[in-house]
Amino acid sequence: MARVLLFGGLRDLAGWREQIFEGVSDLAGLRSDITRLYPDLAEAISCPGVQIAVDKAIVRGNSVLSAGAEVAFLPPMSGG
Amino acid sequence: MARVLLFGGLRDLAGWREQIFEGVSDLAGLRSDITRLYPDLAEAISCPGVQIAVDKAIVRGNSVLSAGAEVAFLPPMSGG
Amino acid sequence: MSVTVQTDVFDPGAALSAFSLDLPDAGGVVSFTGIARKDDGRTQMLELEAYLGFTEPWIEALVKEARARFNLSGAMVIHRVGPILPGEAIVFVATAAAHRRQAFEGADFVMDHLKSRAPFWKKEHGPDGARWIEPRQADYQDLTRWTAEQTPR
Amino acid sequence: MSVTVQTDVFDPGAALSAFSLDLPDAGGVVSFTGIARKDDGRTQMLELEAYLGFTEPWIEALVKEARARFNLSGAMVIHRVGPILPGEAIVFVATAAAHRRQAFEGADFVMDHLKSRAPFWKKEHGPDGARWIEPRQADYQDLTRWTAEQTPR
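So, here is what we can say about the structure in this document. Keep in mind it's a predicted model, so treat the numbers as computed, not measured.

### Let's talk about the interface of chain B and chain D
1) Next: On the chain D side, the residues contacting the 20 residues of chain B number 23 residues.
2) Next: With both chains or domains summed, chain B and chain D bury close to 1,700 Å², and 57% of this area falls on carbon and sulfur atoms.
3) Next: Of all residues in chain B, B:Met77, B:Ser78 and B:Gly80 give up the largest surface area on contact with chain D, accounting jointly for 40% of the area buried on that side.
4) Next: Along the contact surface separating chain B from chain D lie 3 salt bridges.
5) Next: Of the charged contacts, one joins D:Glu49 and B:Arg11 as a salt bridge, the two residues approaching to 2.5 Å between their closest N and O atoms.

### Structural notes on the sheet that holds strand 3 (residues 51-54) of chain A
Strand-to-strand pairing in sheets goes through backbone hydrogen bonds, with the strands running parallel or antiparallel.
Residue and element names in this part refer to chain A.
1) Next: The strand order 2-1-5-3-4 describes an open sheet built from 5 strands, whose pairing is mixed. Only two strands of the sheet have a single neighbouring strand rather than two, namely strand 2 (18-21) and strand 4 (57-59). Strand after strand, the sheet turns through a mean of 30° between neighbouring axes, direction not considered.
2) Next: Where strand 3 lies against strand 4, 3 bridges are found, and the strand directions are antiparallel. Bridge assignment links Ile 52 to a residue of strand 4, and that residue is Val 59.

### Here's the deal with the nonpolar core
1) Next: C:Leu114 and D:Leu114 are the most contacted members of the largest nonpolar core, which has 64 residues in total.
2) Next: Once you skip the residues sitting within four places of it in the chain, C:Leu114 turns out to touch A:Gly79, A:Gly80, C:Trp58, C:Ile59, C:Leu62, C:Val77, C:His79, C:Val91 and C:Val93.
3) Next: In this structure, C:Ala94, D:Phe10, D:Leu16 and D:Ala89 belong to the second largest nonpolar core, which totals 28 residues.

### Comments concerning the packing of helix 2 (residues 55-70) of chain D against helix 3 (residues 100-117) of chain D
Any two packed helices are characterised by the angle at which their axes cross and by the distance between the axes.
Residues and elements named next belong to chain D.
1) Next: Put simply, helix 2 and helix 3 touch, their axes get as near as 10 Å, and they point 150° apart. It follows from the interaxial angle that helix 2 and helix 3 lie roughly antiparallel. Considering the relative orientation of helix 2 and helix 3, their crossing is right-handed. Here Trp 58, Ile 59, Leu 62, Glu 65, Ala 66, Arg 69 and Phe 70 of helix 2 come into contact with helix 3, specifically with Gln 102, Glu 105, Gly 106, Phe 109, Val 110, His 113, Leu 114 and Arg 117.
2) Next: Tallied by class, the residues present in the contact of helix 2 with helix 3 amount to 8 nonpolar, 3 polar and 4 charged.

### Points about helix 1 (residues 12-20) of chain D
1) Next: Buried residues of helix 1 of chain D: D:Pro12, D:Gly13, D:Ala15, D:Leu16 and D:Phe19, and no others. The buried residues of helix 1 of chain D occupy an angular sector of 160° when projected down its axis, which confines them to one face.
2) Next: Buried-residue contacts for helix 1 of chain D involve helix 1 (12-20), strand 2 (28-35) and strand 6 (89-97) of chain C together with strand 2 (28-35), strand 4 (74-80) and strand 6 (89-97) of chain D.
3) Next: N-capping of helix 1 of chain D is provided by D:Asp11, with a side-chain oxygen placed 2.9 Å from the backbone N of D:Gly13.

### Side note on the relation of the copies chain C and chain D
1) Next: Of the transformation placing chain C onto chain D, the axial shift is 0.0 Å and the rotation is 180°, giving an RMSD of 0.0 Å. Seen this way, the second copy is the image of the first under a two-fold rotation axis. Of the C-alpha atoms belonging to chain C, the one lying closest to the rotation axis is found on C:Gly13, 2.1 Å away.
2) Next: Comparing interface residues between copies, 100% of those in chain C also sit at the interface in chain D, which points to an isologous, same-surface contact.

### Here we look at the arrangement of the chains
1) Next: Ranking the 3 pairs of chains in contact by number of contacts places chains C and D first.
2) Next: Considering only C-alpha positions, the minimal separation of the non-contacting chain A and chain B is 35 Å.
3) Next: Contact between chain A and chain D is absent, and the minimum C-alpha spacing across the pair is 13 Å.

Criteria and thresholds
Residues numbered from 1 in each chain as written. Chains lettered and ligands numbered in written order. Predicted model: local features only at pLDDT ≥ 70, side-chain atom pairs only at ≥ 80, totals over all residues. Heavy atoms only, no water. Contact = heavy atoms within 4.5 Å. Buried area = accessible area lost by both parts, 1.4 Å probe. Salt bridge = Lys/Arg side-chain N within 4 Å of Asp/Glu carboxyl O. Pairing = 2+ DSSP bridges. Helix = DSSP H or I, 4+ residues; strand = E, 2+ residues; numbered from the N terminus. Axes fitted to C-alpha atoms, helices over the stretch in contact; angles between N-to-C directions. Core = buried A, V, L, I, M, F, W, Y, C linked by side-chain atoms within 4.5 Å. Buried < 20%, exposed > 50% of the residue type's maximum accessible area, 1.4 Å probe, protein only. Parallel < 35°, antiparallel > 145°, perpendicular 65-115°, else oblique. Left-handed = near helix turned anticlockwise from the far one by under 90°. Nonpolar A, V, L, I, M, F, W, Y, C, P; charged D, E, K, R; others polar. Arc of directions from axis to C-beta. Polar contact = N/O pair within 3.5 Å; in protein donor to acceptor, adjacent residues only side chain to side chain. Least-squares fit on C-alpha atoms with pLDDT ≥ 70 in both.

Encoded structure:
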């Protein structure tokens, strides 16, 4: 189970801010589920410039997700 | 007649801050009076770096003094 | 060192007073306040989003770097999130140091990095609708001032 | 534009609040506060002397130059004279501009010129007596940052 958070334009695109994905154990699996359920979002989060944070730390490539992990998709940051 | 003002270290040296000099009509005359009455001060105000303001405007060289002119001797400024 | 991300409107002057209360031996204090511009009515509202728990540590790390680099004796950042109206303060940065050059450069450094790199997402609401915005090119250029070892003059 | 030379102690935060009240379309406000350092007790008191009627116009001309050069939409200077105790504010400069770089450079410019050139005379009272002081060499060096046409980066 992973808690997925969307920020900025990704949230507007998906129409939601936070969602629980059951039965995922790594980022690759989560991406598959997102592709199946939200193809537009899947495309958007594959764009260069979109970063992924697992439990509030930026990760690159695949990553194992512990139970209850928080996965945030971060579009290019606008600065303060 | 001129009103003479001293600032900074010049005031400590002379022991006064403000004094009226009667019967002076230009800076050269004022300097003569100061040399006669306060030789130490006269020497100090001849040092490079000491500026003279007549009626709050910096002057260089000799300058005619109108009646009641304010003459300020300004040692090197320390900045704020 | 204090970093606050908040939705509440704040008074930069009150922030500067609070910051100035506890400065052991500072010779100079610099503050910067970023204000939402009126832009002739083109922007009616800004909306700033942060990732709480991620954004604050990011700012704290930036402030820590600035403290070490410019020998700051104190630093404070307040950053608004949520809806922000034209004329309201968005960000406040204060730095204290023994000498004024350090305080100036510390505040400048923090602002350049906050404006270009900080994890915020910004939406502009105008008469023609809303749009998410990205840093201006000028903000990225400002960042290059701080590369390598030397500090800008 | 406001220039004040005063003997009264002031709160930099209150000054920043007052300055921030009337800024038509500023995007950035920078403030600098210069504080009398404690210097491990070496300076027990500073005494600042101005030539009233001469010092204020000098500062006003400086602020006017800064406004034109950095396109400032507002500027404020408060400068103390008389006896000043360690920890008290000596000088406060605030600048406002559409963009933050201008506000930073405007405040920096005003401070560099105030510190090295302004018509004040400063006496330091310490445990070994009092002495009149002159600008530090570093203050003169800061001035060279603003010569020629270019602004420092």
